[in-house]
Amino acid sequence: MTLRLFDSATRTVRDFVPRVAGEVGIYLCGATVQAPPHVGHVRSGVAFDVLVRWLRRQGTRVTLVRNVTDVDDKILAKSAAAGEPWWAWAMDNERAFTRAYDALGVLPPTYEPRATGHVPAMVELMSTLVERGHAYVAGDGDVYFDVRSFPEYGALTNQRLEDMAPAPDDAPEAGDKRDPHDFALWKAAKPGEPETAAWDTPFGRGRPGWHLECSAMAARYLGPEFDIHGGGLDLRFPHHENELAQSHAAGQPFARFWLHNGWVTQGGTKMSKSLGNGLLVDAVLAQSRAVVVRYALTAVQYRSMLEWSDDTLREAEATWDRLAGFVERAVEQVGAASDDEVATAGLPAEFVAAMDDDLNVPAALAVVHETLRAGNTALAAGDHAAARAAMVALRAMLDVLGLDPGAAQWRARGGDQRHVRALEAVVGAELEARAAARAARDFTTSDAIRDRLAAAGIVVEDSSAGARWTLAPRSED
């Protein structure tokens, strides 16, 4: 395997060598289901979907674990304010995330564990930390990780303890924590909280802290050591720093690579509900095709920030229409390719090199567009063999990105191509009449035909090989 990935822990691009040859285990921090997802929430799902697809394309067996945090302070607070049971509130929002992932073509994870289903594993891990002297009980049953007991604390984010902000999960009584930086493993049940949101443990009744959940579930499904831990850049501290500390303190090697995707921003600011700049996925999908949103989220390198605006979607839509338009024309003129043919097709060396270079999708898309240009030229020249080869190669590359125009999810016209053939015939006749007018130097008629096609949403481009047409990008409405 020649894949190289940027490891956040070492802050270097490293050769990726799986722990077990031919197999890769990935733990991806999933949703805290306090509310429906906005575009920023689903970026990690799309980014790591590309990684999974690329690994599987090379014959690797991938186990992807993407958790659901279905109990926490915000879920309890928001459900109480809405007068709903906390578990019903969490389930409704979990379903909203699933709808968003499915709509955007994100492959389902191998396992999708919920925090509430893994309390015994969390208690076991917490007990190990207490026994080893890395955790302690405070107050009425709060359990904290003792950061000063673990000299490596801060290694993931390269911070010194004295420079860090205090942990936000203070005990209810002042002085319960030994150090302001100690973080909660277990939160004692509090008056007014639902009885159903608490579990019995040797340390008292309560519920898990956020960080404990992920360490326990990662070990449960991937073992004490696994290949990749992923998530959004905002999770590096404190969440991933705390996961690493508690897992290492318990004697688990944990993740060999740490990968973090960049934020979705608006006006340079991270998209978040707390800032009031979140765009709910359901609302975005009501205005834009899901494949266009997927393209916009995929087209940048996963570690880069993605500025979200109307222009982002307009550019993605125009590009997608060019790609899909070529595939549709190629199918009509040279025949369709089967899904098996696309799945086993060889990929251009430049595309492979780009993907192996820390998933450099922009460079990979440059190869896609070179293939698109070659395919369009071949169609215009009537070179069916070259056009079909370009169509298969283009579909194969886009399949790696979850954007194959021929895939069932994105095939807008299904298997019925009668109206496509009708459009081809009508436009073809118009272009023949225009070519005859141009040959006769009747430019008034030639221009009138071109204007008539433009008014119908048909863009005509002239070249040395003749005229070709495409559908104009969709208008904002």
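Residues numbered from 1 in each chain as written. Predicted model: local features only at pLDDT ≥ 70, side-chain atom pairs only at ≥ 80, totals over all residues. Heavy atoms only, no water.

Draft legend 1. Structural detail: the packing of helix H1 (residues 39-57) against helix H8 (residues 290-298). It is at 9 Å that the axes of H1 and H8 come closest, and there the two elements cross at 75 degrees. Between H1 and H8, the interaxial angle falls into the category roughly perpendicular. Counting all contacts with H1, which are made through Val39, Val42, Arg43, Val46, Asp49, Val50 and Arg53, the residues of H8 involved are Arg294, Leu297 and Thr298. Classifying every residue of the contact of H1 with H8 by side-chain character gives five nonpolar, one polar and four charged. (Axes fitted to C-alpha atoms, helices over the stretch in contact; angles between N-to-C directions. Helix = DSSP H or I, 4+ residues; strand = E, 2+ residues; numbered from the N terminus. Parallel < 35°, antiparallel > 145°, perpendicular 65-115°, else oblique. Contact = heavy atoms within 4.5 Å. Nonpolar A, V, L, I, M, F, W, Y, C, P; charged D, E, K, R; others polar.)

Draft legend 2. Structural view of the sheet that holds strand S12 (residues 269-270). Spatially, S12-S11-S13 is the arrangement adopted by the three strands of the open sheet, whose pairing is mixed. Edge positions in the sheet fall to S12 and strand S13 (306-307), since each has one partner strand and no second. Looking at chain direction, strand S11 (residues 264-266) and S13 are connected through two bridges and run parallel. Within the sheet, the bridge partner assigned to Thr265 lies in S13 and is Glu307. (Pairing = 2+ DSSP bridges.)

Draft legend 3. Expanded view of the sheet that holds strand S6 (residues 142-145). What the four strands build is an open sheet, ordered S5-S6-S7-S8; its pairing is antiparallel. Only two strands of the sheet have a single neighbouring strand rather than two, namely strand S5 (135-138) and strand S8 (206-208). Strand-to-strand twist of the sheet, defined as the mean angle between neighbouring strand axes without regard to direction, takes the value 25 degrees. As paired strands, strand S7 (residues 183-188) and S8 are joined by three bridges and run antiparallel to one another. Its bridge partner lying in S8, Lys187 is registered against Arg207.

Draft legend 4. Region of interest: H1. Between the first and last C-alpha of H1 there are 27 Å, a value that for 19 residues agrees with the 27 Å anticipated at 1.5 Å per step. Taking burial as the measure, the 19 residues of H1 include 15 buried ones, the bulk of the element. Residue Gly59 follows H1 closely and has a positive phi angle near 85 degrees. (Expected span 1.5 Å × (residues − 1). Buried < 20%, exposed > 50% of the residue type's maximum accessible area, 1.4 Å probe, protein only.)

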